[in-house]
Each structure stands twice: as structure tokens, then as C-alpha cells.
Amino acid sequence: AQTVTQSQPEMSVQEAETVTLSCTYDTSESDYYLFWYKQPPSRQMILVIRQEAYKQQNATENRFSVNFQKAAKSFSLKISDSQLGDAAMYFCAYRIGGGADGLTFGKGTHLIIQP
Amino acid sequence: DTAVSQTPKYLVTQMGNDKSIKCEQNLGHDTMYWYKQDSKKFLKIMFSYNNKELIINETVPNRFSPKSPDKAHLNLHINSLELGDSAVYFCASSQALFALYGYTFGSGTRLTVV
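Rules behind the numbers
Residues numbered from 1 in each chain as written. Chains lettered and ligands numbered in written order. Predicted model: local features only at pLDDT ≥ 70, side-chain atom pairs only at ≥ 80, totals over all residues. Heavy atoms only, no water. Disulfide = S-S within 2.5 Å. Helix = DSSP H or I, 4+ residues; strand = E, 2+ residues; numbered from the N terminus. Buried < 20%, exposed > 50% of the residue type's maximum accessible area, 1.4 Å probe, protein only. Contact = heavy atoms within 4.5 Å. Buried area = accessible area lost by both parts, 1.4 Å probe. Salt bridge = Lys/Arg side-chain N within 4 Å of Asp/Glu carboxyl O. Polar contact = N/O pair within 3.5 Å; in protein donor to acceptor, adjacent residues only side chain to side chain. Nonpolar A, V, L, I, M, F, W, Y, C, P; charged D, E, K, R; others polar. Pairing = 2+ DSSP bridges.

Draft legend 1. Examining the state of the cysteines more closely. Scanning all chains against the criterion turns up 2 disulfides over all chains. Note on cysteine connectivity: A:C23 is disulfide-linked to A:C92, with sulfurs 2.0 Å apart. Sign of the S-S torsion, about -70° for the bond between A:C23 and A:C92, identifies this disulfide as left-handed. With a gap of 69 residues between them, A:C23 in the loop between strand 3 (19–21) and strand 4 (24–26) and A:C92 in strand 10 (residues 88–96) connect regions that are remote in the sequence. You'll find A:C23 and A:C92 in the same group, each marked buried. Note on cysteine connectivity: B:C23 is disulfide-linked to B:C91, with sulfurs 1.9 Å apart. Here the disulfide of B:C23 and B:C91 is left-handed, its torsion about the S-S bond being about -75°. Residue B:C23 is located in strand 3 (residues 19–25), and its partner B:C91 is located in strand 9 (residues 87–94); the two are separated by 68 residues in the primary sequence. Here B:C23 and B:C91 have matching classes, each one buried.

See the structure below:
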């Protein structure tokens, strides 16, 4: 079974600084997709960024970027110029390509933004 | 114009009761899901339906029964509620079963069993 590990239960960063959230996963598949979701106190799950395993180029969405290391099975999220609105739980998720297994989530990292 | 809407947002009920949570999506997606988020924020899939057909049925007590009257709706009925059922339940949808673009989630239903 696939597993997703987020080793940082909580991270804190100063406003305007950069922070990196870690995620590793375990799979024997070669075709899969990785995601980062944000869950603010409102409880809504918001897709932040996605990465296809077959793409070598790291995905970027404005201030959010990933460092995808396929061989190391690592998928970290970098948030640049942190803003107060970035405070939330962040979940790393995996799903197999062409499979019906649904998303497998990590346990989440609680990100605190210090003003 | 909510894409995935769940009702109710909050549900407080006594042990032993039967309750339902409704979910509707207006995205034209084929696949819908129920996820459970426990008190430690861990999200785990419970069920998925594709065009009204049950695809995933994880190890969930049979007191939980999903029903999909059409592909835009996926409801969750829970019989004989127990204290351990207290959690946030999320409905989600994706374009297709083998969706490339992740899921769209509803805002969740916080169920509290007392």
C-alpha cells in the first residue's frame, strides 16, 4: 500500500520569509500524481499545487513551488514571501495514475505565520 | 455558486440515532467520494462512486451506507451512531475516475455524537 509521510507536525515562519514543508511517499508505481492541499481554519480543502510523476520540471503556482525528487520519493512544498493568509494545515497527497484508489493523504503540517 | 455543497455543516446528535449527510456537485464530474477526517486531522477515504456505481468501499462499519441517486449526488447515511463516529466528513468530486487534476472538496460536515 502507498503511504505518505509528513515528518513536521508543525512549522513556524516569519511573515515575508520562505518556508519548506516536507513530504515523502512510498510507492512501487511509476505513474502517479502528487498534490499539496491547504486547509485553513474555515475547514475548506483547497488544492495548492499538483505534480505529475512523469514530468521532471517542478510545478510552480505563484509563491508556491515544489521540489520533486522522484528517486528519493520526496515532494516538498516551498512557500515564498509567507503571508498571514498562508496559515493553515497543509496536506501532501498521492494518487496512482490510472487507478481508482483515491487520494492517500499524509498527516498534515500545521503552518504558523508569525507577524 | 458552490461547486460541491454539503448539508448540514454541523450535526450534533445522540448515540444510537440515525443521520444523513447530503452532498451535491454542480461541476458535471463523474466521480464522487466520502472522506473522514478524525480528531487528529487525518483524512481517509471511505467510499467512491463513479456514475452512480460503487468503486471504493474501504473498511468502514456497515452502519455507514452511501447512496448515489444520480452522478451529481452522493449521500451518506449512518445508522446507530457511536461516539467514535464524531469527525468531519468531506464530500469530494473529480472529473473522472482516473482524474488527473485532484479533487474538489465540499466544506465538510462536523458530526458530533454525544
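Draft legend 2. Molecular detail of the environment of A:F64. Residues and elements named next belong to chain A. Tracing the backbone through its elements, the reader meets F64 in strand 8 (residues 64–69). A sequence separation of 16 residues divides F64 from V48, and the C-alpha atoms of the two residues are 7.6 Å apart. Those residues within four positions of F64 in sequence are excluded, and the remaining contacts are V48, I49, A59, L77, K78, I79, D86 and Y90.

Draft legend 3. Main features of the interface of chain B and chain A. On the chain A side, the residues contacting the 26 residues of chain B number 21 residues. With both sides pooled, the region where chain B packs onto chain A buries about 1,900 Å², and carbon together with sulfur makes up 57% of that total. Remark: the boundary between chain B and chain A carries 0 salt bridges. Applying the counting criterion to the chain B and chain A interface returns 8 residue pairs in polar contact (both at pLDDT 80 or more). Contributing elements (two or more residues each) for the side of chain B that touches chain A: strand 4 (31–37), strand 5 (43–50), strand 6 (53–57), strand 9 and strand 11 (109–113) of chain B. Here the side of chain B that touches chain A is built from residues that sort into 16 nonpolar, 6 polar and 4 charged.

Draft legend 4. Layout of the pairing of strand 2 (residues 10–13) of chain B. Residue and element names in this part refer to chain B. Side-chain alternation along strand 2 places L11 and T13 on a buried face and Y10 and V12 on a face that remains uncovered. Examined bridge by bridge, strand 2 and strand 11 share 4 bridges and lie parallel to one another. By the bridge assignment, V12 is partnered in strand 11 with T112.

Draft legend 5. Looking closely at the environment of A:F35. All names here are of chain A. Tracing the chain through its elements places F35 in strand 5 (residues 32–39). The buried category is assigned to F35, whose relative accessible area is 0%. As for F35 and F91, which are separated by 56 residues in sequence, their C-alpha atoms are 8.1 Å apart.

Draft legend 6. Looking closely at the pattern of salt bridges. Residue and element names in this part refer to chain A. Applying the stated criterion to the full structure yields 8 salt bridges over all chains. With a shortest N-O distance of 3.1 Å, R50 and E52 are connected by a salt bridge. Since its relative accessible area comes to 9%, E52 is described here as buried. In this structure, D86 and R63 form a salt bridge, with 2.8 Å as the shortest nitrogen-oxygen distance. Placement of D86 in the loop between strand 9 (74–79) and strand 10 and of R63 in the loop between strand 7 (60–61) and strand 8 is noted, with a sequence separation of 23 residues between them. Put simply, R50, E52 and K55 are held in one network by salt bridges that share partners.

Remember that the coordinates give geometry; whether it matters functionally is a separate question.
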